[in-house]
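Chain and residue survey
Now for the letters of each chain:
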Amino acid sequence: MAACESARQLNRSLNLRGSLELHNFYDSQELTKALCPDIPVLLNRPHAARRAARYFVEQFPGKSLYAVKANPSPALLKLLFREGVTHYDVASIDEVRLVHSTLPDAVLCFMHPIKSEAVIREAYHDHGVRVFSLDSIEELEKIERATGGAEDLTLCVRIKVASEFAQISLASKFGVEVDQSVELLQRARQVADELGICFHVGSQAMTPLAYVHALERVRTAIVEASITVDIVNVGGGFPSIYPDMAPPSLNHYFSAIDRTFEDLPISYSAELWCEPGRALSAEYNSLIVKVEQRRGNELYINDGAYGTLFDAAHIGWRFPVQLLGDGSDHAASTEYSFYGPTCDDMDHMAGPFMLPADVKAGDYIEIGMLGAYGSAMRTKFNGYGSIDDYDVTDEPMASVYVGDNLDRTDRENVVSFPGA
Ligand SMILES: *Cc1c(COP(=O)(O)O)cnc(C)c1O
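The structure displayed is predicted, hence computed values, not measured ones. Per chain, residues are indexed from 1 in the order of the written sequence. Totals for whole chains, interfaces and linings use all residues, but because this is a predicted model, local features are given only for residues with pLDDT of at least 70 and pairs of side-chain atoms are given and counted only at 80 or more. Hydrogens and waters are ignored; side-chain quantities use all the structure's heavy atoms.

**Topic: the domain arrangement of the protein**
Domain extents, as shown, originate in an automatic or database domain assignment. We note that the domain assignment places domain 1 (23-45 + 282-391) and domain 2 (46-281) within the protein. Taking only C-alpha atoms into account, the centre of domain 1 sits 32 Å from that of domain 2. Residue contacts are counted whenever heavy atoms from the two residues lie within 4.5 Å of one another. Counting residues at the interface gives 18 residues for domain 1 and 26 residues for domain 2. Here the quantity called buried area is the total loss of accessible area, with a 1.4 Å probe, experienced by two parts when brought into contact, counted for both. In total, domain 1 and domain 2 occlude about 1800 Å² of area from one another, counting both sides; carbon and sulfur atoms represent 59% of this. Among the residues of domain 1 in contact with domain 2, Y284, W317 and Y373 are the three that bury the most area, contributing 39% of the side total. The term salt bridge refers to a pairing of a side-chain nitrogen on Lys or Arg with a carboxyl oxygen on Asp or Glu at a separation within 4 Å. Where domain 1 meets domain 2, there are 2 salt bridges. Any pair of nitrogen or oxygen atoms within 3.5 Å is treated as a polar contact; in protein, a donor-acceptor pairing is required on top of that, and neighbouring residues in sequence qualify only through side-chain atoms on both sides. Counting across the domain 1 and domain 2 interface gives 10 residue pairs in polar contact (both at pLDDT 80 or more).

Listed below in structure tokens is the structure:
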């Protein structure tokens, strides 16, 4: 604690001189030793996001759109763009404005199938958006009205597909049933300069079969409506890696998608798109939290369900953890759960999170793989939600872009169900 006190004083004096913001750290250990942070700290790993972007840009057999909702950090948007991610999947007018102002040369694709007319108008006229998704005739008519009958539209009809292979369903809310899609596809074909079909298999899809099955529905839709399709958009869902959730390597997804796409009744010039959110951003952030109190194996920490740990609380996601500081080399032998800082009982992350037996108040824990749907979920509820952020240069706790994970040849895994 004495070390922490002097670090805090140093910290304050550095802050006064305004030079602290310029200082970055190698890793979470170095940072906590130097700063003893009292509020949660988000660590950015630009190199990890660059590596993910390069992988999609070079290996995906089509165009990769970044799904901005996974992590709208302007620093992340800029570095993805520099690595060649030129198209962005946006789903609200604020995301449209954010990406248009951050990356004026980016191509914006408005992939939310239910929008207000005012929002479509602003997106089209003020921000140059030409790509819109839809799943109803109502929405088609709205788009026609709001754009003044524009003739330069790319319209992507969202169809409903199964979510059975994914950890998080996106199956019930949006998408027209294939057997009811004929009229919509035919009418959209008449309005659109380019017509696409899109879907979302659900987030963290644990097998490439999710995409193969969904693409078979695209085939049925094309055949039943007898239309020409210019774009097939396989959406997001590409997995990252978490405790108990090690997916097959991404190249298996890419090759399964490529093979099935090539076999569709589409023209030679048809384009293949995807919209990864999680896979491009998961490795970008981790989080340092402080243990404020320990009661049995419940740790009261300073971030939680209304902050960066929304998924850990609300869908029981188990993120990887490590204890920082002196006890950090002891075996992670004990199962803990976490309480976040707000006064709400629901601010609870059940885990279990594996850490050494001797965790105590004042310790710091790093929680990994929070770049996707982590920092994006933060609120100010109950006066919490303040956070610092720093760049670090060490590796994320896990990566699907290095070593074995880059080409896991374990074929069994390719067809197994998650968490079974
Ligand atoms: C959320 C979303 C994505 C990104 O999904 P991930 O599972 O994070 O890859 C892509 N497209 C649409 C339409 C979405 O709603």
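**Description of the UniProt feature "domain: Orn/DAP/Arg decarboxylase 2 C-terminal" (unreviewed entry) in the protein**
In the UniProt entry, the feature "domain: Orn/DAP/Arg decarboxylase 2 C-terminal" (unreviewed entry) is given for residues 286-367. Each helix corresponds to a stretch of at least 4 residues labelled H or I by DSSP, and each strand to a stretch of at least 2 residues labelled E; elements are numbered beginning at the N terminus. The distance separating the terminal C-alpha atoms of residues 286-367 is 6 Å; by composition the span is 6% helix and 44% strand. UniProt positions are given in the numbering used here, feature names are shortened, and annotations may be inferred rather than shown by experiment.

**Considerations on the nonpolar core**
Throughout, nonpolar core names a set of buried Ala, Val, Leu, Ile, Met, Phe, Trp, Tyr and Cys residues whose side chains join them through atoms within 4.5 Å. The rule is simple: take the accessible area with a 1.4 Å probe, protein chains only, and divide by the maximum for that residue type; under 20% is buried, over 50% is exposed, in between is partly exposed. Counting 112 residues, the largest nonpolar core has Y88, F238, F338 and I367 as its most contacted members. When residues of this core are assigned to their parent elements, the largest contribution, 8 residues, is made by helix α9 (residues 209-225). Formed jointly, this core draws a minimum of three residues from each of two domains, domain 1 (23-45 + 282-391) and domain 2 (46-281). Not counting residues within four places of it along the chain, the set of residues in contact with F338 comprises E298, L299, I301, V321, D347, H348, M349, F353, L355, I365 and I367. Listed in part, the 11 residues of the second largest apolar core include L35, L43, Y364 and V392.

**Quick look at the packing of helix α7 (residues 137-146) against helix α8 (residues 182-191)**
Note on method: axes are straight lines fitted to C-alpha atoms, helices fitted across the in-contact stretch only, with angles between N-to-C directions ranging 0 to 180 degrees. Two numbers describe how α7 lies on α8: the axes approach to 10 Å, and their chain directions differ by 10 degrees. As the angle between them shows, α7 and α8 are arranged roughly parallel. Relative to α8, α7 is oriented so that their crossing is left-handed. Listed contacts from α8 to I137, L140, E141 and E144 of α7 are E183, L184, R187, A188 and V191. Here the nonpolar group is Ala, Val, Leu, Ile, Met, Phe, Trp, Tyr, Cys and Pro; Asp, Glu, Lys and Arg are the charged ones; every other residue, Gly included, is treated as polar. A breakdown of the residues in the contact of α7 with α8 according to their chemical character gives 5 nonpolar, no polar and 4 charged. Each angle gets one of four labels, with under 35 degrees taken as roughly parallel, over 145 as roughly antiparallel, 65 to 115 as roughly perpendicular, and the rest as oblique. Should the near helix be turned anticlockwise from the far one by less than a right angle, the crossing is termed left-handed; should it be turned clockwise, right-handed.

**Structural notes on the site of the ligand**
Proximity is defined per residue: if any heavy atom of the residue lies within 4 Å of a molecule or strand, that residue is considered near it. By nearness alone, 14 residues border the ligand, and K69, S203, E275, R278 and Y373 come closest of all. Within the side chain of E275, an N or O atom sits 2.5 Å from a nitrogen atom of the ligand. At 2.8 Å from an oxygen atom of the ligand is found a main-chain nitrogen or oxygen belonging to R278. Surface accessibility in these figures is a Shrake-Rupley result with a 1.4 Å probe; residues are shielded only by whichever protein chains are displayed. When isolated, the ligand has an accessible area of 390 Å², and the protein chains bury 92% of it. Of the residues that constitute the shell around the ligand, the class distribution is 4 nonpolar, 5 polar and 5 charged.

**Here's the deal with the UniProt feature "domain: Orn/DAP/Arg decarboxylase 2 N-terminal" (unreviewed entry) in the protein**
Summarizing the sequence annotation, UniProt attributes the feature "domain: Orn/DAP/Arg decarboxylase 2 N-terminal" (unreviewed entry) to residues 51-282 in the numbering used throughout. As annotated, residues 51-282 comprises 40% helix and 17% strand, and the C-alpha atoms at either end are separated by 12 Å.

**What about α8?**
Listed as buried for α8 are L184, L185, A188 and V191. Looking down the long axis of α8, one finds its buried residues gathered within 125 degrees of arc, a one-sided arrangement. For α8, the elements touching its buried residues are β5 (131-134), α7, β6 (154-158), β8 (194-198) and α9. This arc describes the spread of directions from the helix axis toward the C-beta atoms.

**A word on unusual backbone geometry**
Residue P352 is bonded to the preceding G351 through a cis peptide linkage, with omega at 5 degrees. Although it is not a glycine, N382 sits at a positive phi angle of roughly 65 degrees. By secondary structure assignment, the location of N382 is in the loop between β17 (364-367) and β18 (388-391). The exposure class assigned to N382 is partly exposed, which follows from its relative accessible area of 37%.

**Side note on the sheet that holds β5**
Strand order in this closed barrel of 8 strands is β2-β3-β4-β5-β6-β8-β10-β11, and the pairing throughout is parallel. Adjacent strand axes in the sheet meet at a mean angle of 25 degrees, parallel and antiparallel pairs treated alike. In this sheet, β6 lies alongside β5 in parallel orientation, the contact comprising 4 bridges. When the bridges of β6 are listed, L134 appears paired with V157. For two strands to count as paired, DSSP must find a minimum of two bridges between them.

**Brief notes about helix α6 (residues 117-127)**
Of the positions making up α6, those classed as buried are I120, A123, Y124 and H127. Axial view of α6: buried residues confined to an arc of 125 degrees, hence all on one face.

**Here's the deal with the packing of helix α3 (residues 46-59) against helix α10 (residues 250-262)**
Axis separation between α3 and α10 bottoms out at 11 Å; the angle between their running directions is 25 degrees. Here α10 runs roughly parallel to α3, going by the angle between their axes. When you trace α3 past α10, the crossing you get is right-handed. Contacts from Y55, F56 and Q59 in α3 reach L250, N251 and F254 in α10. Looking at the contact of α3 with α10, its residues break down into 4 nonpolar, 2 polar and no charged.

**Brief notes about the confidence of the model for the protein**
Scored from 0 to 100, pLDDT records how confident the predictor is in each individual residue. Summary statistics for the protein give a mean pLDDT of 92 and a share of 91% for residues scoring 70 or more. Predicted confidence for residues 16-20 stays below pLDDT 50, and this span has 6 contacts to residues more than four positions away or in other chains. In this model residues 410-420 is a low-confidence stretch, pLDDT under 50, and it forms 19 contacts with partners more than four residues away in sequence or in other chains.

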